[in-house]
Amino acid sequence: NARLQAITNRIAGDVNAAIADGRGIDVADIKRRVWAAKIDSDSTSFIDWMEQEVGTLMFAEGTMVHYRTTVARLREWNGIRRWCDLTVENIVKFDVWLHQLPKSTHSKEPISDAGIYTYHKNLKALLNRAVMYGRIERNPYDVLKFKRGEKENVEYLTEDEMKAFERLLVPDGSLMAVSRDLFIFQMYTGLAFGDMQSFDIRQYRKEGDTYRHTGERIKTGVAFVSQLLPPAVRIIEKYGG
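Residues numbered from 1 in each chain as written. Predicted model: local features only at pLDDT ≥ 70, side-chain atom pairs only at ≥ 80, totals over all residues. Heavy atoms only, no water.

(A) Spotlight on the overall build of the chain. The helix and strand tally for the chain stands at eleven helices and five strands. The long-range fraction of contacts in the chain, counting pairs at least 24 apart against all pairs at least 6 apart in sequence, stands at 50%. When the accessible surface of the chain is totalled, it reaches about 16,500 Å², and 53% of it is carbon and sulfur. (Helix = DSSP H or I, 4+ residues; strand = E, 2+ residues; numbered from the N terminus. Contact = heavy atoms within 4.5 Å. Areas by Shrake-Rupley, 256 points an atom, 1.4 Å probe, with all protein chains shown as cover.)

Written out as structure tokens, the structure is:
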């Protein structure tokens, strides 16, 4: 109680001095002065904390690359280094800086809105963790909303094109034959390549002549239901699945 009273007295003294001098009362400035030692020790640790936190994530490698790139971009910009730098204004400045970057070292084309949105999505997710851990009081993204970018029209295979793949003649046992069969399997299951790599027929339950499985996407963790259609079953039987 004595320590709390001492802190309260310091805050009151700072506020009284501001009133006497005709200065505006800035809570952030008061915190810096009253908690100088704590702010100094924490203020340089945000980027390091972020990098350490990314190391604890358990996502697919493709997703982890995006998180690590987000950390690298923040280090490159150098505008948010300390916990006290996490303001709405600085997040907006980070967004402006990202829009000025080229897509790659070999291209003058700017990063797409969808690409920039990924940086914000990753940073927002990490700041939500910081709020949960009590490191910051609120997430600056709570009052921000950035454009995700227009989704391009997705080209899809027609039924005739799918049949053409099935009729494709390649030497039996060749790498090309395996590639064709794997692609046919993806066509009739809708599984992404990463999910197909972890495919295990033992996870499926047989209901009559149908195989069904409920799982989660490797990359996103989103739930899905997979049903094996006859062409996919034939591929499995061909390779002794």
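(B) View of the packing of helix H4 (residues 46-54) against helix H7 (residues 113-132). Relative to each other, H4 and H7 sit at 100°, their axes nearing to 11 Å. Taken together, the axes of H4 and H7 are roughly perpendicular relative to one another. Touching Phe46, Trp49, Met50, Glu53 and Val54 of H4 are Leu123, Leu126, Leu127, Arg129 and Ala130, all from H7. (Axes fitted to C-alpha atoms, helices over the stretch in contact; angles between N-to-C directions. Parallel < 35°, antiparallel > 145°, perpendicular 65-115°, else oblique.)

(C) Representation of the pattern of salt bridges. The full count for this structure, using the stated rule, is twelve salt bridges. Here Glu53 and Arg129 are joined by a salt bridge, their closest N and O atoms 2.7 Å apart. A residue pair is termed long-range when its members are at least 10 positions apart, and Glu53 in helix H4 and Arg129 in helix H7 qualify at 76 residues. Overall, the relative accessible area of 9% leaves Glu53 in the buried class. What makes Arg129 partly exposed here is its relative accessible area of 28%. Among the ionic contacts, a cluster of salt bridges with common partners joins Asp48, Glu51 and Arg75. (Salt bridge = Lys/Arg side-chain N within 4 Å of Asp/Glu carboxyl O. Buried < 20%, exposed > 50% of the residue type's maximum accessible area, 1.4 Å probe, protein only.)

(D) Representation of the pairing of strand E2 (residues 107-110). Relative to E2, strand E1 (residues 102-104) is paired through two bridges, and the arrangement is antiparallel. Considered in E2, the bridge of Pro102 is made with Pro110. Counting the residues in the hairpin turn of E1 and E2 gives two residues. (Pairing = 2+ DSSP bridges.)

(E) Molecular detail of helix H5 (residues 61-77). The end-to-end C-alpha distance of H5 is 24 Å, a good match for the 24 Å that 17 residues give at a rise of 1.5 Å each. Burial in H5 covers these residues: Thr63, Met64, Tyr67, Thr70, Val71, Arg73, Leu74 and Trp77. In the core, the buried residues of H5 are packed alongside H4, helix H6 (88-99) and H7. Directly after H5, the chain includes Asn78, whose backbone phi takes a positive value near 70°. (Expected span 1.5 Å × (residues − 1).)

(F) Spatial organisation of the side chain of Gln186. Its location among the elements puts Gln186 in helix H9 (residues 175-189). Not counting residues within four places of it along the chain, the set of residues in contact with Gln186 comprises Leu191, Ala192, Phe193 and Met196.

(G) Seen up close, the packing of aromatic side chains. Going through the model one piece at a time under the given rule, you end up with nine aromatic pairs. With a centroid separation of 6.3 Å and an interplanar angle of 25°, the aromatic rings of Phe46 and Trp49 are classed as stacked. With a gap of three residues between them, Phe46 and Trp49 both fall in helix H4, about one helical turn apart. By relative accessible area, which is 1% here, Phe46 ends up buried. When the ring of Phe46 is compared with that of Trp83, the centres are 5.1 Å apart and the planes differ by 70°; the resulting orientation is edge-to-face. You can see Phe46 sitting in helix H4 and its partner Trp83 sitting in the loop between H5 and H6, a full 37 residues away along the chain. (Phe/Tyr/Trp six-rings, centres within 6.5 Å; stacked < 30°, edge-to-face > 60°.)

(H) Main features of the nonpolar core. Ranked by internal contacts, the top residues of the largest apolar core, which has 30 residues, are Phe46, Met50, Leu74 and Leu123. Mapped onto this core, the elements with two or more residues apiece are H4, H5, H6 and H7. In terms of residue count, the dominant contributor to this core is H7 (six residues). Setting aside its immediate chain neighbours within four residues, Met50 contacts Thr70, Val71, Leu74, Leu123 and Leu126. Met162, Met187, Tyr204 and Phe224 belong to the second largest nonpolar core, which has 14 residues in total. (Core = buried A, V, L, I, M, F, W, Y, C linked by side-chain atoms within 4.5 Å.)

(I) Molecular detail of the packing of helix H8 (residues 159-167) against H9. Close contact between H8 and H9 brings their axes to 9 Å; oriented N to C, the two are set at 150°. Considering their axes alone, H8 and H9 lie roughly antiparallel with respect to each other. For the pair H8 and H9, the sense of crossing is left-handed. Contacts between H8 and H9 involve Met162, Lys163, Phe165 and Glu166 from the first element and Arg180, Phe183, Ile184, Met187 and Tyr188 from the second. Considering only residue class, the contact of H8 with H9 consists of six nonpolar, no polar and three charged. (Left-handed = near helix turned anticlockwise from the far one by under 90°. Nonpolar A, V, L, I, M, F, W, Y, C, P; charged D, E, K, R; others polar.)

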